[in-house]
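The primary structure of each chain is shown beneath.
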Amino acid sequence: MLLESDASQSKKDLNTRFNRALATFRSKERQIFLDVKQQIMMLVLQQSTTRAQQTFGPKKRATELINETINKLEGDLL
Amino acid sequence: MSTNTLGLKIAAPYARALYEYSVDKNIMHKITGDFQNLEIFLNETDELTNYLNNPIVRDEDKRDILTKLLKSQVNEETFKFLLVLIDRDRINLLKSVIDNYLKLVYGLASIKMIEVSTAFPFTNKQKNMLIKKLKDLTNAREIRLIITVDSDLIGGFLIKTNSKVLDFTVKNQLQKLANHLDTSLEM
């Protein structure tokens, strides 16, 4: 009887410990995912920004973009 | 110059009174011309704006500087109005008064004011192209562009009217890309 009670208590303790460990693991996993996501976004945006600045920096291309945009304006925009 | 809400509220009746006076005396075109020039002049001379805004500077000195700079350049009625603003300690609201007045005039003439922010300055040809296009799209008789250059936009331009913002800038495209990445990268 005593042994059964001990075994049951041990199972409960083990279960609690396991659940805590799992929660900690998931939290850390989430944190790492968010960090990696942040890094990827930073990298993509930095590269895209640099490329955009290089592309539209020269006056000729900047002028072309403005002209193209003006020509594309249409419909009930305003 | 004060551009806060309170300033605008105080400036509005002055602009309205001048507008009604100018309609009554049939001198609206004169005052409008003066105010259009003054608006450009004030934007290019921060020192004058700061001087007129400075509460420590005596009214007499403000009157003197305006007399030297503007008396021979603007119409008599416009100049008298500027002196009234000094007498009433409201010369710091001059820009707001001009802005309000011109809005009333443009409203009457169905002139639509459109703000444009651009990464690179527009050429005159581009300005005319945009005005023509906007006239077609809005059915406005006249379009007045208020263009500001903001290199942070990277490329393209955005248009602001009373009710809408149409953003065709590269910066906006990058912001959309950031939002897309944020929503598509999920566990």
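These notes cover the structure that comes with them. (Residues numbered from 1 in each chain as written. Chains lettered and ligands numbered in written order. Predicted model: local features only at pLDDT ≥ 70, side-chain atom pairs only at ≥ 80, totals over all residues.)

Here we look at the overall build of chain B
Part 1 of the reasoning: Scanning chain B from N- to C-terminus turns up eight helices and four strands.
Part 2 of the reasoning: Going residue by residue from the N terminus, the α and β elements of chain B occur as α-α-α-α-α-α-β-α-β-β-β-α.
Part 3 of the reasoning: Nonlocal contacts in chain B, meaning residues at least 24 apart in sequence, comprise 69% of its contacts between residues at least 6 apart. (Helix = DSSP H or I, 4+ residues; strand = E, 2+ residues; numbered from the N terminus. Contact = placed C-beta atoms within 7 Å.)

What to know about the overall build of chain A
Part 1 of the reasoning: In terms of regular secondary structure, chain A is built from two helices and zero strands.
Part 2 of the reasoning: Within chain A, buried positions represent 6% of all 78 residues. (Buried ≥ 20, exposed ≤ 12 C-beta atoms within 10 Å, placed from the backbone.)

Structural notes on the pairing of strand β3 (residues 157–160) of chain B
Residue and element names in this part refer to chain B.
Part 1 of the reasoning: Side chains Phe157 and Ile159 project from β3 onto a buried face, and the interleaved Leu158 and Lys160 project onto a face without burial.
Part 2 of the reasoning: Where strand β1 (residues 111–118) lies against β3, four bridges are found, and the strand directions are antiparallel. Note on β3: the bridge partner recorded for Glu115 is Lys160.
Part 3 of the reasoning: By the bridge criterion, three bridges tie β3 to strand β4 (residues 165–167) in an arrangement that is antiparallel. Bridge assignment links Leu158 to a residue of β4, and that residue is Asp167.
Part 4 of the reasoning: Here β3 hands over to β4 after four residues, the two strands then running antiparallel side by side. (Pairing = 2+ DSSP bridges.)

A word on the interface of chain B and chain A
Part 1 of the reasoning: The interface is formed by 27 residues belonging to chain B together with 20 residues belonging to chain A.
Part 2 of the reasoning: Broken down by secondary-structure element, the contributors of at least two residues to the side of chain B that touches chain A are α7 (124–138) and α8 (170–184) of chain B.
Part 3 of the reasoning: When residues of the side of chain B that touches chain A are assigned to their parent elements, the largest contribution, seven residues, is made by α7(B).
Part 4 of the reasoning: Of the residues belonging to the side of chain B that touches chain A, the class tally is 18 nonpolar, six polar and three charged. (Nonpolar A, V, L, I, M, F, W, Y, C, P; charged D, E, K, R; others polar.)

Considerations on the packing of helix α2 (residues 59–72) of chain A against α7(B)
Part 1 of the reasoning: Relative orientation of the contacting elements α2(A) and α7(B) amounts to 15°, with a least axis distance of 9 Å. Between α2(A) and α7(B), the crossing angle belongs to the class labelled roughly parallel. Crossing of α2(A) against α7(B): the hand is left-handed. Residue-level contacts link A:Ile66, A:Asn67 and A:Ile70 of α2(A) to B:Gln126, B:Met129, B:Leu130 and B:Lys133 of α7(B). (Axes fitted to C-alpha atoms, helices over the stretch in contact; angles between N-to-C directions. Parallel < 35°, antiparallel > 145°, perpendicular 65-115°, else oblique. Left-handed = near helix turned anticlockwise from the far one by under 90°.)

Re the packing of helix α2 (residues 28–44) of chain B against helix α6 (residues 94–108) of chain B
Residues and elements named next belong to chain B.
Part 1 of the reasoning: The geometry of α2 relative to α6 is characterised by a closest axis approach of 10 Å and an angle of 135° between their N-to-C directions. Compared by their axis directions, α2 and α6 come out oblique. For α2 against α6, the interelement crossing comes out left-handed. For the pair α2 and α6, the contacting residues are Met28, Thr32, Phe35, Leu38, Glu39 and Leu42 in the first and Lys95, Ile98, Tyr101, Leu102 and Val105 in the second.
Part 2 of the reasoning: A breakdown of the residues in the contact of α2 with α6 according to their chemical character gives eight nonpolar, one polar and two charged.

Some remarks on unusual backbone geometry
All names here are of chain B.
Part 1 of the reasoning: The backbone of Asp89 shows a phi angle near 60°, a positive value even though the residue is not glycine.
Part 2 of the reasoning: Positive phi outside glycine occurs at Ile154, with the angle close to 70°.
Part 3 of the reasoning: For Ile154, the position within the fold is in the loop between β2 (142–149) and β3.
Part 4 of the reasoning: Assessed through the 22 C-beta atoms surrounding it within 10 Å, Ile154 is described here as buried.

Some points on the pairing of β1(B)
All names here are of chain B.
Part 1 of the reasoning: Here eight bridges tie β1 to β2, and the two strands are oriented parallel to one another. Following the sheet pairing, Ser117 is matched in β2 by Thr148.
Part 2 of the reasoning: For the segment spanning β1, α7 and β2, crossover handedness is right-handed. (Right-handed = clockwise from strand over helix to strand, strands pointing away.)

Examining α2(B)
Helical periodicity: at 3.6 residues per turn, an α-helix aligns residues three or four positions apart in one direction.
Residue and element names in this part refer to chain B.
Part 1 of the reasoning: Compared with an ideal rise of 1.5 Å per residue, which puts 17 residues at 24 Å, α2 spans 24 Å between its outermost C-alpha atoms and is within 8% of the ideal.
Part 2 of the reasoning: Of the residues making up α2, those classed as buried are Met28, Ile31, Asp34 and Phe35. For α2, the buried positions fall inside an angular range of 125° around the axis, keeping them on one side. Residues of α2 that are exposed and angled more than 90 degrees away from the buried face: His29, Ile40 and Glu44.
Part 3 of the reasoning: Check the buried side of α2 and you find it contacts α1 (5–24), α5 (76–87) and α6. (Expected span 1.5 Å × (residues − 1). Arc of directions from axis to C-beta.)

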